[in-house]
Amino acid sequence: MALALRAFRTHLTYSNSYLTARPNILSYGAHSSSVYRWYSAASSPSPGAVVVGAGPAGITVVGNLLEHGTALQTDRQKLFWADPRFDGGRVNSHYREVPSNTKVGLFVQWARDVSPFKAIVDAALKPNALTVLQGLPQDQGCRLSYAADMCLMLTEGLTRHPQVQPRQSKVTSALLDEQTKVWTVSFDDGSQTTTSRIVLCTGSSPIARTLPAIERGIHGQGLKPVDLDVALAPTKLAKLFDHTPDSTIAVVGASHSAILVLMNLVNLINTTHPHLRIKWFTRHELRYAEYMDGWILRDNTGLKGQAAEWARQNLDEKAFPNSPVSKVITKVWTAENEEEAYRAELPGCGHVIQAVGYARTPLPRLEITREEGSVAKPLQVEFDNSNGRFYEKNDSKAEGDLKYVPGLFGAGIAFPERVTDPHGNVEYAVGFWKFMKYVKKVVPAWVQPQP
């Protein structure tokens, strides 16, 4: 069990053409500092691409771009990788305690699916983050801390790659010269670099704005919002309510995150916080992922793993009346008249936790100059989920009229692939392995010379 809480840092040395490992390894934890090779953007040649963000999607993109190093000419142009922390993204900083809805085997497959990843994990002394994952049941989920440690291990190896130039900084803006198709990328320390490609892997965070129906229903009551990130971390959630008197907590939503929040709260009630009670506001019955013949119905929207099992045992319509959780959870249906339900049931609640989805993290400021010497103007873009590219926002809706922005791409939870299942249901594919499959499919087109 102790090994499960550790990640491992690999120290690699590289030649120009082949990867060779130096046989030493340093262990590190989630909060230890890292030392990378930082370069001044002003003193280095223009990179072949700038990848913005170092969470799971950013790691995936860097690995795949290195896989296509010949097309990107990484022997002469490094990949520029920018992130303020290089700490594995939100999966490490916020969700280490969360049970995954991805099977362990897919995390392992993700970590070995491109040759730069393989070089890192093969060079690491054992035990390491990958071997810990390999030691878990492969057909079940796990705490996301295991996957986060894998991200930290790969991040360390990638930042030491000779064709990667990491920069611990925030990208604040990117200006496209439409004539030359060259981007000027600016950082929060005032430095700049130029490139022909930018990949945005900027992530998403929980929707924090109070839902309009709740705002109208509470009429200025002193209802305290609880950040979903806090509610998904049992240790943080427990501290939040340590000094709270008898209190009823409103939980809004029926998604995977909402069920995990209910699980965490019920566990608190059953252990250290018996004074808490819950009102669960939901507009529809629970929806589960269903394993079909070679595919999964509601693969990206249905409950899976530990959340699905707990919900079936405790929250389903038939199970709920006889479940112990019915003594501490009051179920409130909001489908018919949402505002009226909130107006009737929110009084008496002291806190509210909204688990109603995620929104994109604000992007760097995007601008464009149309002609030489012209003034930069804001560049309004939309994302094409079929190819990972962005196009200029305009009034035309015809696909053939899309004007793609040269050298601007996206991936990850903010910019996922749109998929259609055999029943015609449209979803957005989010998850480590889904990011890998999508990026592997679109990167070959990304690295081609811009038309």
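Before going into details, it helps to say that this report is about the structure given with it. (Residues numbered from 1 in each chain as written. Predicted model: local features only at pLDDT ≥ 70, side-chain atom pairs only at ≥ 80, totals over all residues. Heavy atoms only, no water.)

**Examining the pairing of strand E3 (residues 49-52)**
Where burial is concerned, the two faces of E3 agree: the one with Ala 49 and Val 51 and the one with Val 50 and Val 52 are both buried. When E3 meets strand E4 (residues 79-83), the two strands line up parallel, connected through four bridges. Directly across from Val 50, in E4, lies its bridge partner Phe 80. Note that E3 and strand E9 (residues 198-200) share three bridges and pair parallel. Paired with Val 52 across the bridge in E9 is Leu 200. (Buried < 20%, exposed > 50% of the residue type's maximum accessible area, 1.4 Å probe, protein only. Helix = DSSP H or I, 4+ residues; strand = E, 2+ residues; numbered from the N terminus. Pairing = 2+ DSSP bridges.)

**Quick notes on the sheet that holds strand E16 (residues 329-333)**
Sheet architecture is open: five strands sit in the order E11-E17-E12-E13-E16, paired in parallel fashion. Both outer strands of the open sheet, strand E11 (224-225) and E16, are each paired with one neighbouring strand and no more. Where strand E12 (residues 247-252) lies against strand E17 (residues 349-354), five bridges are found, and the strand directions are parallel. Bridge pairing in E17 places Val 251 opposite Ile 353. Taken strand by strand, helix H13 (residues 338-345) contacts E12, strand E13 (276-282), E16 and E17, and its axis lies near 170 degrees from that of E13. (Contact = heavy atoms within 4.5 Å. Axes fitted to C-alpha atoms, helices over the stretch in contact; angles between N-to-C directions.)

**Points about the pattern of salt bridges**
Considering all chains together, one arrives at 21 salt bridges under this definition. A salt bridge links Arg 96 to Asp 149, with the shortest nitrogen-to-oxygen separation between them at 3.0 Å. Of this pair, Arg 96 sits in the loop between helix H3 (90-93) and helix H4 (104-110) while Asp 149 is found in helix H7 (residues 144-159), placing the two residues 53 residues apart along the sequence. Here Arg 96 falls in the buried class, since its relative accessible area comes to 17%. Put simply, Arg 160 and Glu 156 hold a salt bridge, and the shortest N to O gap is 2.3 Å. Take Glu 156: its relative accessible area is 1%, and that puts it in the buried class. (Salt bridge = Lys/Arg side-chain N within 4 Å of Asp/Glu carboxyl O.)

**Observations regarding the sheet that holds E9**
Spatially, E5-E4-E3-E9-E23-E22-E21 is the arrangement adopted by the seven strands of the open sheet, whose pairing is mixed. At either margin of the open sheet sits one strand with a lone partner, and together these are strand E5 (164-168) and strand E21 (381-384). When strand polarity is set aside, the average angle formed by the axes of neighbouring strands in this sheet is 30 degrees. The sheet contacts of helix H1 (residues 56-67) involve E3, E4, E5 and E9, and relative to E4 the element is tilted by about 175 degrees.

**Thoughts on a nonpolar patch on the surface**
Together, Tyr 358, Ile 413 and Val 430 line one region of the surface with nonpolar side chains, adding up to about 210 Å² of accessible area. Classification of Tyr 358 by relative accessible area gives partly exposed; the value is 31%. (Patch = residues over 30% accessible without salt bridge, like charges linked within 9 Å, V, L, I, M, F, W, Y side chains within 5 Å. Areas by Shrake-Rupley, 256 points an atom, 1.4 Å probe, with all protein chains shown as cover.)

**Remarks on the packing of helix H11 (residues 256-271) against helix H12 (residues 305-314)**
Packing of H11 against H12 leaves a shortest axis separation of 9 Å and a crossing angle of 65 degrees. One element, H11, and the other, H12, form an angle in the roughly perpendicular class. When you trace H11 past H12, the crossing you get is left-handed. Contacts between H11 and H12 involve His 256, Ile 259, Leu 260, Leu 262, Met 263 and Val 266 from the former and Gln 306, Ala 307, Trp 310 and Ala 311 from the latter. Of the residues contributing to the contact of H11 with H12, the split by class is eight nonpolar, two polar and no charged. (Parallel < 35°, antiparallel > 145°, perpendicular 65-115°, else oblique. Left-handed = near helix turned anticlockwise from the far one by under 90°. Nonpolar A, V, L, I, M, F, W, Y, C, P; charged D, E, K, R; others polar.)

**Some points on the nonpolar core**
The biggest cluster of nonpolar side chains holds 114 residues, and the ones touching the most others in it are Trp 110, Met 150, Trp 183, Ile 259, Leu 315 and Ile 329. Top contributing element to this core by residue count: H11, with 10 residues. When sequence neighbours within four positions are dropped, the list of residues in contact with Met 150 reads Trp 110, Ala 111, Val 121, Ala 129, Leu 130 and Leu 133. Counting 13 residues, the second-largest nonpolar core is a separate cluster that includes Ala 213, Ile 214, Ala 341 and Tyr 342. (Core = buried A, V, L, I, M, F, W, Y, C linked by side-chain atoms within 4.5 Å.)

**Thoughts on the environment of Pro 116**
Position of Pro 116 among the secondary structure elements: in helix H5 (residues 115-123). Here Pro 116 falls in the buried class, since its relative accessible area comes to 5%. Residues in contact with Pro 116, not counting those within four places in the same chain, are Gly 63, Leu 66, Glu 67 and Leu 158.

**Some remarks on the environment of Leu 366**
Among the secondary structure elements, Leu 366 is positioned in strand E19 (residues 365-369). By relative accessible area, which is 9% here, Leu 366 ends up buried. Leu 366 sits 183 residues away from Trp 183 along the chain, and the two C-alpha atoms are 9.9 Å apart.

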